[in-house]
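# Structural description and commentary
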Amino acid sequence: MDLEVLNAEIVSCRACPRLVEWRERIGLEKRKSYADDTYWARPVPTFGDPDATRLIVGLAPAAHGANRTGRMFHGDRSGDWLFRALHKVGVARIAKADRIEDGQELIGAMITATAHCAPPDNKPLPEEVDNCSRFLRAVMQSREWESILCLGSIAWNQVFRQLGMKRIPFTHGVVTHTPSGTKLVASFHPSQQNTFTGRLTEQMLDNAIHDWLDASITH
């Protein structure tokens, strides 16, 4: 997989009319606090180290987060949680990611999603996830990953689908391996719905990330 070629395909995709209309409308209407920003308002490409051995799979861009900045998990509170946790363990260069020009880099890791366009109510439809599945499949088949961290049940289910494996029920903190030895780790998504209610704490996310890092392929 050539990451630049794949990302060019992602960014040019218009396969889901509902998502195209939504992402572009949000980019014009904007949120008042970002009124002076030029929104990305396109599919958000995969982000990270081209030589990564570890993968993170999220859900979809936030309307005023990655749909604004053009980079996965940049510019919203989910990203604040994720990059803070990744920075603690040396995977992210800086602890906060606000915009595409902030200099954020990932070391040994890549972030992709089950849907690359911002969906209404943060809920892509099954057929929209299906349309994006070829991009997730390309990333997953590009190399033999040491570990994959799935943020949320949709990411977890889609990873199993692309692997052709019988799905293990999603539970935060569950760990399993593929037949080839890739470690799969499940975590609640660091969405405000989970972090504001205490369903996901910083320690819980830190623990999942430590599990994800403590991996090497075994055959």
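Each remark here, short or long, concerns the structure printed above.
In this report, the structure presented in the accompanying data block is examined. (Residues numbered from 1 in each chain as written. Predicted model: local features only at pLDDT ≥ 70, side-chain atom pairs only at ≥ 80, totals over all residues. Heavy atoms only, no water.)

Within the protein, the secondary structure is distributed over eight helices and six strands. Listed by position from the N terminus, the elements making up the protein come as α-α-β-β-α-α-β-α-β-α-β-β-α-α. Its C-alpha atoms give the protein a radius of gyration of 16 Å, near enough to 17 Å, the size a compact globule of 219 residues would have. By its C-alpha atoms, the protein is 50 × 35 × 30 Å across when sized along the principal axes. Taking all 219 residues of the protein together, 53% fall into the buried category. Excluding contacts between residues fewer than 6 apart, the proportion of contacts in the protein whose partners are at least 24 apart in sequence is 69%. Counting every atom, the protein has about 10200 Å² of accessible surface; 50% of that belongs to carbon and sulfur. (Helix = DSSP H or I, 4+ residues; strand = E, 2+ residues; numbered from the N terminus. Rg over C-alpha atoms; globule rule 2.2 N^0.38 Å. Buried < 20%, exposed > 50% of the residue type's maximum accessible area, 1.4 Å probe, protein only. Contact = heavy atoms within 4.5 Å. Areas by Shrake-Rupley, 256 points an atom, 1.4 Å probe, with all protein chains shown as cover.)

Running from N to C, helix H5 (residues 126-140) and helix H6 (residues 153-163) point in directions that differ by 65 degrees, and their axes come no closer than 10 Å. As judged from the angle between their axes, H5 and H6 are roughly perpendicular. As for how H5 packs across H6, the hand of that crossing is right-handed. In contact with Val 129, Asp 130, Ser 133, Leu 136, Arg 137 and Met 140 of H5, H6 contributes Gln 158, Val 159, Arg 161, Gln 162 and Leu 163. Taken together, the residues of the contact of H5 with H6 sort by class into five nonpolar, three polar and three charged. (Axes fitted to C-alpha atoms, helices over the stretch in contact; angles between N-to-C directions. Parallel < 35°, antiparallel > 145°, perpendicular 65-115°, else oblique. Left-handed = near helix turned anticlockwise from the far one by under 90°. Nonpolar A, V, L, I, M, F, W, Y, C, P; charged D, E, K, R; others polar.)

On to the side chain of Asn 67. Take Asn 67: it is sitting in helix H3 (residues 66-69). Apart from the residues lying within four places of it in its own chain, the contact partners of Asn 67 are Arg 23, Ile 26, Gly 27, Tyr 39, Trp 40, Ala 41, Arg 42, Val 44, Pro 61, Ala 62 and Ala 118.

Let's shift gears to the layout of surface pockets. Each pocket or cavity is described by its volume, and for the largest pocket that value is around 990 Å³. Leu 59, Ser 78, Asn 122, His 189 and Ser 191 are, among the 39 residues lining the largest pocket, the residues nearest its centre. Listed by contribution, the elements that provide at least two residues to the lining of the largest pocket are helix H4 (77-88), H6 and helix H7 (192-195). (1 Å grid on protein atoms, 1.4 Å probe; cavity = no way out; pocket = protein on both sides within 12 Å on 5 of 7 lines; lining within 4 Å. Points joined across faces, edges and corners; volume = space filled by probe spheres on them.)

It is worth spelling out the pairing of strand S3 (residues 109-113) at this point. Along S3, five of the five residues are buried, which leaves the element largely enclosed by surrounding structure. Along S3, one buried face is formed by Ala 109, Ile 111 and Ala 113 and the opposite face, lined by Met 110 and Thr 112, is buried too. The sheet contact formed by strand S1 (residues 47-48) and S3 spans two bridges and is antiparallel. Paired with Phe 47 across the bridge in S3 is Ile 111. Both strand S2 (residues 54-58) and S3 contribute to a ladder of five bridges, which runs parallel. Following the sheet pairing, Val 57 is matched in S3 by Thr 112. (Pairing = 2+ DSSP bridges.)

Let us now look at empty space enclosed by the protein. Under the counting rule described, the total for this entry stands at two cavities of 30 Å³ or more. A volume near 90 Å³ is recorded for the largest cavity. Along the wall of the largest cavity there are 16 residues; nearest its centre are Cys 13, Cys 16, Leu 19, Cys 117 and Cys 132. Mapped onto the lining of the largest cavity, the elements with two or more residues apiece are helix H2 (17-29) and H5. Sorting elements by how many residues they give to the lining of the largest cavity places H5 first, with four residues. By volume, the second largest cavity amounts to about 40 Å³. If you go around the second largest cavity, the residues you meet are Trp 81, Arg 84, Ala 85, Lys 88, Glu 202, Leu 205 and Asp 206. Elements with a minimum of two residues in the lining of the second largest cavity: H4 and helix H8 (202-213). By residue number, the principal contributor to the lining of the second largest cavity is H4, which donates four residues. Of the residues in the lining of the second largest cavity, the class split is three nonpolar, no polar and four charged.

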